[in-house]
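Each chain, letter by letter, is given below.
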Amino acid sequence: MTDQHDVSWGGSAAAPGWTPPNVDLKTDIPHSARVYDYILGGKDNFPADRAAATGIVKSLPNLPSSMRANRQFLARMAHVLAADYGIRQFLDIGTGLPTTPNLHEVVQKVAPESRVLYVDNDPIVLVHARALLTSTPEGRTAYLDADFAEPQNVLTSAQFTSTFDLSQPVAVSLLAIVQFFPDDDVVRGVIDQLMAPLPAGSILALSTVTGDYSPEEVEAGVAAYRSNGIPNIARDRKAVEGLFRGLEILDPGVVLVHRWHPDTESAALADTQVYMYGAIARKP
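Quick caveat, the model's predicted, so the values are computed rather than measured. (Residues numbered from 1 in each chain as written. Predicted model: local features only at pLDDT ≥ 70, side-chain atom pairs only at ≥ 80, totals over all residues. Heavy atoms only, no water.)

**Student:** In this structure, what is going on with helix 1 (residues 32-39)? I would like to understand it.
**Tutor:** Three- or four-residue spacings in an α-helix give side chains the same orientation, since the helix completes a turn every 3.6 residues. Within helix 1, eight of the eight residues are buried, which leaves the element mostly enclosed by the surrounding structure. Restricting attention to buried positions, one finds in helix 1 the residues Ser32, Ala33, Arg34, Val35, Tyr36, Asp37, Tyr38 and Ile39. Among the structural elements, helix 2 (47-59), helix 3 (63-83), helix 5 (123-127) and helix 9 (215-227) are those in contact with the buried residues of helix 1. Looking one or two places after helix 1, you find glycine 41, whose phi comes out positive at around 90°. (Buried < 20%, exposed > 50% of the residue type's maximum accessible area, 1.4 Å probe, protein only. Helix = DSSP H or I, 4+ residues; strand = E, 2+ residues; numbered from the N terminus. Contact = heavy atoms within 4.5 Å.)

**Student:** Looking at this structure, I do not really get the pattern of salt bridges. What am I missing?
**Tutor:** Side-chain pairs of opposite charge can arise where the charged atoms are in close proximity. Applying the stated criterion across every chain yields a total of seven salt bridges. Across the salt bridge formed by aspartate 49 and arginine 34, the nearest N and O atoms sit 2.8 Å from each other. Highlighted residues: aspartate 49 in helix 2 and arginine 34 in helix 1, separated in sequence by 15 residues. Each member of the pair, aspartate 49 together with arginine 34, is buried. Arginine 235 is paired through a salt bridge with aspartate 184; the nearest N and O atoms lie 2.7 Å apart. Of the two residues, arginine 235 sits in the loop between helix 9 and helix 10 (237-242) while aspartate 184 sits in helix 8 (residues 184-195), which places them 51 residues apart along the sequence. Since its relative accessible area comes to 3%, arginine 235 is described here as buried. (Salt bridge = Lys/Arg side-chain N within 4 Å of Asp/Glu carboxyl O.)

Next comes the structure, spelled out in structure tokens:
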């Protein structure tokens, strides 16, 4: 499978071949970040991840295309927020393994003074976090080992308070993470807590799985994830819009990620090849 995919669109480049000392990677249990990495041709994965990925892709044959489309959405979204909306502070939760382009590379190309805090709770991401800390001299990048489901640990961390000026807007990026939390009330509660201390003009960027365009494939894929011990849910457009409660969803609304301010490559994809909705919304 790895020979079919371009590492530059989301896969890691360095094979583990080892377990770092004093870090419990639980390599016998599939992990969503490592499954993602393997499907996109990366090297930071283990036999359990590869076995799970193979089964999942049988149910979701367009999953590699969909994952690449989501990564491209990240790059376009980050560029639009930095270039068009003037955002200079970014909180990226559920970062995953470092890839090219990383969010800070996109935004610091537009505005070198941009500041980014990456958050993840996967030990293998922590091992490679140094690859996320290559900031421009004018800006800053930081990494926090924390859980999406415990937002107060993020908001009260030294990394958060030292990275952000809360008199200025912050963009919160939750890409391809909330599908692993099936309870909408839990997700909305976390989002409410994350957005509460941020000033007006702050942005929530989110992408998540949908079965609206390929229902049978996505239903089988969700079941495959769950059978490998990875919680998963597909949401319809109305449910995704509901995650942005209290926020103003910005143009073009909740759309498949390849339809969000598309470039030529994204526009060429068929809707049935993409299983992800994406949108951004502004805090009034």
